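Take a look at the letters that make up each chain.
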4 protein chains.
Amino acid sequence: MTTFVNEATADGRAGAQVSPPSLAERYQAVRALTETLSEPLSPEDQTVQSMPDVSPTKWHRAHTSWFFETFLLGPYASGYAEFHPAFSYLFNSYYEAVGQRYSRPHRGLVSRPDCAEIARYRRHVDEHMMSLMEGPLDDRATSLVDLGLHHEQQHQELLLMDIKHVLSQSPLDPAYVVSHREETSPNPSHGGWFQHAAGPVEVGHTGHGFCFDNETPSHSVIVTPYALAERLVTCGQWLEFIEDGGYKRPEFWLSDGWASVQQERTDAPLYWGREGSEWNLFTLMGRRPIDPDEPVCHVSYYEADAFAHWSGFRLPTEFEWECVAADQPVEGRFLDPAQPHPAPQHGSSWYGDAWIWTASSYLPYPGFRTAPGAVGEYNGKFMVNQHVLRGGSCVTPTGHARATYRNFFPPSARWPFTGVRLARDL
Amino acid sequence: MTTFVNEATADGRAGAQVSPPSLAERYQAVRALTETLSEPLSPEDQTVQSMPDVSPTKWHRAHTSWFFETFLLGPYASGYAEFHPAFSYLFNSYYEAVGQRYSRPHRGLVSRPDCAEIARYRRHVDEHMMSLMEGPLDDRATSLVDLGLHHEQQHQELLLMDIKHVLSQSPLDPAYVVSHREETSPNPSHGGWFQHAAGPVEVGHTGHGFCFDNETPSHSVIVTPYALAERLVTCGQWLEFIEDGGYKRPEFWLSDGWASVQQERTDAPLYWGREGSEWNLFTLMGRRPIDPDEPVCHVSYYEADAFAHWSGFRLPTEFEWECVAADQPVEGRFLDPAQPHPAPQHGSSWYGDAWIWTASSYLPYPGFRTAPGAVGEYNGKFMVNQHVLRGGSCVTPTGHARATYRNFFPPSARWPFTGVRLARDL
Amino acid sequence: MTTFVNEATADGRAGAQVSPPSLAERYQAVRALTETLSEPLSPEDQTVQSMPDVSPTKWHRAHTSWFFETFLLGPYASGYAEFHPAFSYLFNSYYEAVGQRYSRPHRGLVSRPDCAEIARYRRHVDEHMMSLMEGPLDDRATSLVDLGLHHEQQHQELLLMDIKHVLSQSPLDPAYVVSHREETSPNPSHGGWFQHAAGPVEVGHTGHGFCFDNETPSHSVIVTPYALAERLVTCGQWLEFIEDGGYKRPEFWLSDGWASVQQERTDAPLYWGREGSEWNLFTLMGRRPIDPDEPVCHVSYYEADAFAHWSGFRLPTEFEWECVAADQPVEGRFLDPAQPHPAPQHGSSWYGDAWIWTASSYLPYPGFRTAPGAVGEYNGKFMVNQHVLRGGSCVTPTGHARATYRNFFPPSARWPFTGVRLARDL
Amino acid sequence: MTTFVNEATADGRAGAQVSPPSLAERYQAVRALTETLSEPLSPEDQTVQSMPDVSPTKWHRAHTSWFFETFLLGPYASGYAEFHPAFSYLFNSYYEAVGQRYSRPHRGLVSRPDCAEIARYRRHVDEHMMSLMEGPLDDRATSLVDLGLHHEQQHQELLLMDIKHVLSQSPLDPAYVVSHREETSPNPSHGGWFQHAAGPVEVGHTGHGFCFDNETPSHSVIVTPYALAERLVTCGQWLEFIEDGGYKRPEFWLSDGWASVQQERTDAPLYWGREGSEWNLFTLMGRRPIDPDEPVCHVSYYEADAFAHWSGFRLPTEFEWECVAADQPVEGRFLDPAQPHPAPQHGSSWYGDAWIWTASSYLPYPGFRTAPGAVGEYNGKFMVNQHVLRGGSCVTPTGHARATYRNFFPPSARWPFTGVRLARDL
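Remember, it's a predicted structure, so these values are computed and weren't measured experimentally.

## Some words on the sheet that holds strand E8 (residues 278–283) of chain C
Residue and element names in this part refer to chain C.
Next up, step 1: With antiparallel pairing, the three strands of this open sheet are ordered in space as E7-E8-E9. Single-partner strands in this sheet number two, and they are strand E7 (272–275) and strand E9 (286–289). Averaged over all pairs of adjacent strands, the angle between their axes in this sheet comes to 35°, without regard to strand direction.
Next up, step 2: In this structure, E8 lies alongside E9, joined through four bridges in antiparallel fashion. Looking at E9, one finds that Thr 283 is bridged to Gly 286.
Next up, step 3: Across the sheet, helix H7 (residues 235–243) is in contact with E7 and E8; its angle to E7 comes to roughly 65°.

## What to know about the relation of the copies chain C and chain D
Next up, step 1: Its rotation angle being 180°, the transformation that places chain C on chain D also includes 0.0 Å of axial translation and leaves an RMSD of 0.0 Å. Taken together, the turn and the small shift mark the pair as related by a two-fold rotation axis. When each C-alpha of chain C is compared by its distance to the rotation axis, Glu44(C) comes out closest, at 2.6 Å.
Next up, step 2: Looking at chain C, 100% of its interface residues are interface residues in chain D too, so the copies touch through the same face.

## Regarding the environment of Pro340(B)
All names here are of chain B.
Next up, step 1: Along the chain, the position of Pro 340 falls in the loop between strand E10 (332–333) and strand E11 (351–352).
Next up, step 2: Residue classification places Pro 340 among the buried positions, given a relative accessible area of 0%.
Next up, step 3: Along the chain, Pro 340 and Thr 396 lie 56 residues apart, while their C-alpha atoms are 9.5 Å from each other.
Next up, step 4: For Pro 340, the contacting residues outside a window of four places in its chain are Val 177, Leu 284, Met 285, Cys 394, Val 395 and Phe 417.

## Observations regarding the environment of Ser42(C)
Residue and element names in this part refer to chain C.
Next up, step 1: Within the fold, Ser 42 resides in the loop between helix H1 (23–38) and helix H2 (43–47).
Next up, step 2: Classification of Ser 42 by relative accessible area gives buried; the value is 14%.
Next up, step 3: Here the alpha-carbon distance between Ser 42 and Cys 115, two residues 73 residues apart in the chain, equals 9.1 Å.

## Here's the deal with the packing of H7(C) against helix H9 (residues 301–311) of chain C
All names here are of chain C.
Next up, step 1: Look at H7 against H9: their axes get within 11 Å of each other, and the N-to-C directions meet at 80°. By the criterion of interaxial angle, the relationship of H7 to H9 is roughly perpendicular. Residues Gln 237, Trp 238, Glu 240 and Phe 241 of H7 lie in contact with H9, whose contacting residues are Glu 303, Ala 304, Ala 306, Phe 307 and Trp 310.
Next up, step 2: For the contact of H7 with H9, the residue count by class is six nonpolar, one polar and two charged.

## Observations regarding the pattern of salt bridges
Next up, step 1: This structure, assessed with the given rule, holds 76 salt bridges over all chains.
Next up, step 2: A salt bridge links Asp45(A) to Arg112(B); the nearest nitrogen and oxygen atoms lie 2.8 Å apart. Highlighted residues: Asp45(A) in helix H2 (residues 43–47) and Arg112(B) in the loop between helix H4 (87–90) and helix H5 (115–134), drawn from two different chains. Both residues of the pair, Asp45(A) and Arg112(B), count as buried.
Next up, step 3: Between Arg288(C) and Glu294(C) there is a salt bridge whose closest N-O contact spans 2.9 Å.
Next up, step 4: Residue Arg288(C) is classed as buried on the basis of its relative accessible area of 13%.
Next up, step 5: Take Glu294(C): its relative accessible area is 1%, and that puts it in the buried class.
Next up, step 6: Ionic contacts of the salt-bridge type, sharing partners, join the residues Arg31(A), Glu35(A), Arg61(A), Arg122(A), Asp126(A) and Glu152(A) into one network.

## Re the state of the cysteines
Next up, step 1: Summed over all chains, the structure comprises zero disulfides over all chains.
Next up, step 2: Left unpaired, Cys297(A) is separated from the closest cysteine sulfur, that of Cys394(A), by 5.7 Å.

## Considering the packing of aromatic side chains
Residues and elements named next belong to chain B.
Next up, step 1: Inspection of every chain in the model, using the stated rule, returns 126 aromatic pairs over all chains.
Next up, step 2: A centroid spacing of 5.7 Å and a plane angle of 45° characterise the contact between Phe 83 and Phe 87, whose relative ring orientation is tilted.
Next up, step 3: Assessed through its relative accessible area of 25%, Phe 83 is described here as partly exposed.
Next up, step 4: The exposure class assigned to Phe 87 is buried, which follows from its relative accessible area of 0%.
Next up, step 5: The interplanar angle of 75° and the centroid separation of 5.5 Å between the aromatic rings of Phe 409 and Trp 415 together place this pair among those described as edge-to-face. Comparing Phe 409 with Trp 415, the two get one shared label, buried.
Next up, step 6: These aromatic residues form a ring-pair network of at least three members: Trp 238, Phe 241, Tyr 247, Phe 252, Trp 253, Trp 258, Phe 307 and Trp 310.

## Description of the interface of chain C and chain D
Next up, step 1: At the junction of the two partners, chain C supplies 32 residues and chain D supplies 32 residues.
Next up, step 2: Carbon and sulfur atoms make up 61% of the area that chain C and chain D hide from each other, which totals about 2,400 Å².
Next up, step 3: There are two salt bridges connecting chain C and chain D.
Next up, step 4: Contributions of two or more residues to the side of chain C that touches chain D are made by H2, helix H4 (87–90) and helix H6 (139–167) of chain C.
Next up, step 5: Per element, the largest residue contribution to the side of chain C that touches chain D is four residues, and it comes from H2(C).
Next up, step 6: Considered class by class, the residues forming the side of chain C that touches chain D number 18 nonpolar, nine polar and five charged.

## Concerning empty space enclosed by the protein
Next up, step 1: Approximately 120 Å³ is the volume attributed to the largest cavity.
Next up, step 2: Surrounding the largest cavity, 16 residues form its lining, Ser361(B), Asn385(B), Gln386(B), Ser361(C) and Asn385(C) being those nearest its centre.
Next up, step 3: Partitioning the lining of the largest cavity into residue classes produces eight nonpolar, eight polar and no charged.

## With respect to the side chain of Glu152(A)
Next up, step 1: Within the element layout of this structure, Glu152(A) appears in helix H6 (residues 139–167).
Next up, step 2: One polar contact links Glu152(A) to Arg31(A), side chain to side chain, over a distance of 2.9 Å.

## What to know about unusual backbone geometry
Next up, step 1: Residue Pro113(B) follows Arg112(B) across a cis peptide bond; omega there is 5°.
Next up, step 2: As for its position among the elements, Pro113(B) is in the loop between H4 and H5.
Next up, step 3: Here Thr216(D) and Pro217(D) are connected by a cis peptide whose omega angle stands at -10°.
Next up, step 4: Its location among the elements puts Pro217(D) in the loop between strand E4 (211–212) and strand E5 (219–223).
Next up, step 5: In this structure, His298(B) takes a positive phi of about 65° despite not being glycine.
Next up, step 6: Within the element layout of this structure, His298(B) appears in the loop between strand E9 (286–289) and helix H9 (301–311).
Next up, step 7: Given the relative accessible area of 3%, His298(B) is considered buried.
Next up, step 8: You will see that Asp173(C), though not glycine, has its phi angle at about 50°, which is positive.
Next up, step 9: Classification of Asp173(C) by relative accessible area gives partly exposed; the value is 26%.

## Brief notes about the packing of H1(C) against H6(C)
Residue and element names in this part refer to chain C.
Next up, step 1: Running from N to C, H1 and H6 cross one another at 20°; their axes reach a closest spacing of 10 Å. By the angle between their directions, the pair H1 and H6 is classed as roughly parallel. For the crossing formed where H1 meets H6, the hand is left-handed. The residues of H6 that touch H1, namely those facing Leu 23, Arg 26, Tyr 27, Val 30, Arg 31, Leu 33, Thr 34, Leu 37 and Ser 38, are Thr 142, Val 145, Asp 146, Leu 149, His 150, Glu 152, Gln 153, Gln 156, Leu 159 and Leu 160.
Next up, step 2: Of the residues assigned to the contact of H1 with H6, the class counts are nine nonpolar, six polar and four charged.

Rules and cut-offs
- Residues numbered from 1 in each chain as written.
- Chains lettered and ligands numbered in written order.
- Predicted model: local features only at pLDDT ≥ 70, side-chain atom pairs only at ≥ 80, totals over all residues.
- Heavy atoms only, no water.
- Pairing = 2+ DSSP bridges.
- Helix = DSSP H or I, 4+ residues; strand = E, 2+ residues; numbered from the N terminus.
- Axes fitted to C-alpha atoms, helices over the stretch in contact; angles between N-to-C directions.
- Contact = heavy atoms within 4.5 Å.
- Least-squares fit on C-alpha atoms with pLDDT ≥ 70 in both.
- Buried < 20%, exposed > 50% of the residue type's maximum accessible area, 1.4 Å probe, protein only.
- Parallel < 35°, antiparallel > 145°, perpendicular 65-115°, else oblique.
- Nonpolar A, V, L, I, M, F, W, Y, C, P; charged D, E, K, R; others polar.
- Salt bridge = Lys/Arg side-chain N within 4 Å of Asp/Glu carboxyl O.
- Disulfide = S-S within 2.5 Å.
- Phe/Tyr/Trp six-rings, centres within 6.5 Å; stacked < 30°, edge-to-face > 60°.
- Buried area = accessible area lost by both parts, 1.4 Å probe.
- 1 Å grid on protein atoms, 1.4 Å probe; cavity = no way out; pocket = protein on both sides within 12 Å on 5 of 7 lines; lining within 4 Å.
- Points joined across faces, edges and corners; volume = space filled by probe spheres on them.
- Polar contact = N/O pair within 3.5 Å; in protein donor to acceptor, adjacent residues only side chain to side chain.
- Left-handed = near helix turned anticlockwise from the far one by under 90°.

Honestly, it's all geometry; don't read function into it.
What follows is the structure in structure tokens.
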């Protein structure tokens, strides 16, 4: 669950003089974006689950609605009748406290309810939510709406990660969006190093605005002198790693990583392909040649760590990134439905494009406590077998990222928009 | 491949005086039925593959078109340009001689081409096929069209078997067709036994009309005196088996069958469910209570054999059935899109409702030879690890079944419309 | 179970004038051979289970004793106390009627009881069995002893098949027996064809002497004119198959066979290896070069069938072999502990060296009935998903094979001593 | 690899006045203990691998010898001839830099070399090592011997963990050692809490004596005020957890833990069994009733964490334990071959009996560097997907544990001697 403030400035984007959007306005904006993102997708596209970790688009659309129905409309909207009795079973993702749920790896086997019915479900929930927000809401309800909106933003990113994996299954290399590629000027430099001195630093969320429970409590950690690369590792650098035998030399790899490379016969990032001697990659805009200047994306923690070893550097800890990023504006390439792909970086670049794998395991902060009840299942119970990712990506909704934000995935995950930022000791 | 005759009477349904339909007329009728069967299905329904043995509806629609494109239009239609270069890869089912093919268990991961594009593909193929059939066709081409039509009829049955499995995944218990159930008069009798004397009998296809290669050569086999039940085993009889501990007593079961029951925790036919003490079953018309008088369906060979042991009888061989059925009219409950489900039988009943599992392994007849080239892969290469089924079912297109027809599935298969007919020695 | 005769001549080897061995004498001879076969094996060797189908040597030694304890000593030896209460659980192989049993794939995980305790168990059972056989035995008990002895002979063959697989796991290529290889004269000929006319033939066991239940009832089958190769396919012929791309050309293979070759990356018979361009094979006498004249061994049904297709011939049915072999003396290379491997054949050769895969599925004969109780589980419940093998092998105990004998394995099995005899239509 | 000192006091047990044992004396003592631990085990026992994580006893005996042969005799003993050319392949555990290695999950399939040959191998290596140590050794060689001895001590613990798992497979419940159980006085108290104040603390190895590379560099971390339980959680406390539905209530569990409990149907610690309402447990001394006062053992990280949640407390971090334990004598129940099992604790107890699962992932310390070459693979490459355990157990050799020692296992591991110490915030 969340620590929150009642002001609706929650997502911190708010500029200066104009009054911030109301909760209902934010609700409408977030809900509308989900539908906008689904629009280019046919009913067939929205039905497929290409692997157990992926959910169908129509499931995302339903599950995010289920969240509001379950945690807001049920408890707070008097006399609310649920849209369909089976939906609480079908669209519960993992909340054990809420009851049984449909087996996750089988979400792609359910053709009905279809997209049209799910659109009706969304409208039904939206109408009742708008009514609910017309009346007075207590603090807990307000914060639950806020949580639901940030939850839906997370699923907007998941929706795009997932549909990219789905579309990549077809030998037709279909595009999610047909887009003219931006002209980019060549970028021979890889950027410099940003240095940080030793000392205790304060990490975790303290300020105003929304945060997830896993960003708290704020606390001190000690860092030793280090430097962070000002830009993400590029595809051109990754090609050097490949050409130097990076995927064939066990000395660079963690033991589990090497086992995975052997078993999966990995020889390049996910979505990379090769036609003769030319590398190409599948994007949400279809397949095209590799651009050596753009940040590499869709690598596992194992690959990120092996690359770092090969390069003579290392991955940063989550705190090494946080205490640098906290002093930088939250700017970078975030979700633009017309260009959902990383682009070459210029200058120093601390947010967006691709999440960075950190050397930190996803563990609770000292004194961390989960909220009681189902929303307490939000984060805490995943704190094992995962690594922290930081910074946001080109499919993270604008306003969703912040310096204290902790994303997390198992070390083998490659379908998120995951990249690499190097660190070194000073 | 096939032995065939040039007359277009191939499917033998033809009545007396009126001239039989032309090849082109039959082509149109068969192709139209596939689209009729697909009509109640949404794009979402047509995309799902609920297990590796199942294919999505849109795949069936494309694959049957691919057959005509590959074996007729490519070789015979001069200047024919294929509809899409990737389709020969995507919609080849198992013909190794035709080139690479997309992995079968992953058919449900491909959202594109979508249903609309596949509809265009079908129309494209149909237009070129109609043109081709306007000109003179040599014997080989004619027989290939004929084969293609019987092939498409097989896929019409598969389409319904498969979509039943797909729809059963949804907790909403969706109906393929909303249908008022026919009134049936109670049927207390289970029918009698039909006796057959000892002696050599002639089996296999000899007459005019189409047959598949696996029905030839005709040859003699010796049978010992036996009797066949005149009707299929009913759900009521199956309930007795369940209540007598049929699924819990290893003495009735083949060793592989018992292992499967233990592992899958099978305790009833596929699609049966239980609400309290009441059994129900999922049909293409939705879920409804068990009718004790209707033939049991969706049992594996293991279950069929265990039931036969429990009842004190046995399963018939394929030839015991064939030499009785050859003297009977090919009448019974075949495919009616409004009622795709077995119904209580009256009198003696030899065809339709549910395929019967025979005690015969699917093996070549003495002197069997496959045709050269890709169509030679039609049947012969599956002659191991399968049992023969006979008689047709309530989802077999009318005119497709005959006394010599050999259907086949692995002993564990339960999703076809499979039933049980008992036999005994005299 | 068995049909049997009371005379102790049961295994039919008996020469003319001298009186045949008594039941007790035969008991001692068979039991002693098991121990002789185990002697070259260390406790370590006797403990390993190299795959689920293999059983440890010490398990075979115990299980064959358990058979006598369970079916003879328990019911017939008054006041008999079982050797150890856990053994009926540990050493039951598959008799559901006898109670629970230890999971088959885990037999190799049980280090205790150790070999010494199992030797004590065998002696304990032998002493009580000898006492039992001193007294009068009724017909049923006599036939059960007989069955137990043939059962133990089957396990003698299994013991050698299994330990060959176990020893092959070690990179040391250890020999079961150190043996000077026999000198063999070169054998350029592959033998001729033995022709058989059409007609009904009588198959199955009718005469005196022991047989298993699956060899009965005798009955007539119709065969069409055919010829059988007088010798088994040789390693030299198999090398031609390999060199002609036999393992890489799907047109020769059954669909399941091709899938298995792809998945297992099979490119030669089991136990074949290659050092540069030279093929060698692992035998119970260690590793040595291929002898092109010796019969090929350790091929699956899929490989046998593909070879037959490649060669332009086919595999025989079990009855085609039986009605030829019935007129031949039961002579050939059977178990000799000093030379447990096939050898080049001369003249015509109908038994021994390697079991031949037949085109026949393992199914009950018309009118087949199992015995009541646990011994009824001996054969009948395995009659699905297997093919019949005929003729015996170089590890079949002398006297165990006969013309009506039906061995059976799943089509994928390669660790039995399985070979190929070709057939063709006339 | 290690930081080390040349003095042979390395293991820190050494008493005061007497001169510490020489390197050769320590070598002999450690090597002799391995053989002592193997002595009660038959060749059958020493051959079995009961799951992929377990290695056969004879493999441990060989692999520890291979370490000295590969890293000492090969490079340093001039003219040394390896004992057997295949052993470097068979007994390499995971050192990629040393060449290929035999597949770990198949170690139990290799019956040869047998125990006798491995005993000869050990003597061969020992003789050459003793000769080598007679001459002068440079620092690197000395430290490699030292590393080899600590490596062998680790395998002594693994040998006992592994053989316990092997013996538990037999329904005979065999004892590794027959031992009269010590009389223990009832222990109603569970001990108190030891408090620690906030502040930066120094962790990691700094002093003299041997340590593994993963204990360095020493560095500062910040701790917040906390308390540690002075004793391990007992079986009696665990019974309360079970009886309160601990294994059936998802609210206590990490998500991966709950999935594992569901899939494995876990309802008690490993080796616990139940006869009616009475719980018993399998020990290296056979099976006996649960003693409520003894520390619970053989629980996964998931179970440990769920117990902590249920009890209202939490697991300690590795540093919370280390900075308390560093001030305590390294005393507790370590390896005694006659009593290899935890015993009820009295007073406060910080070492031995059972390793404690910490909340800390196994990650490198800031500035950690691996040694070049094969020994660099010792620890670093395992730093993902594991949790740190601290304190040693009843099967850890005396002198092997220390305050900075970091043991590690995946969170699902249950076959090590793993227990639970609770912590709480102040």
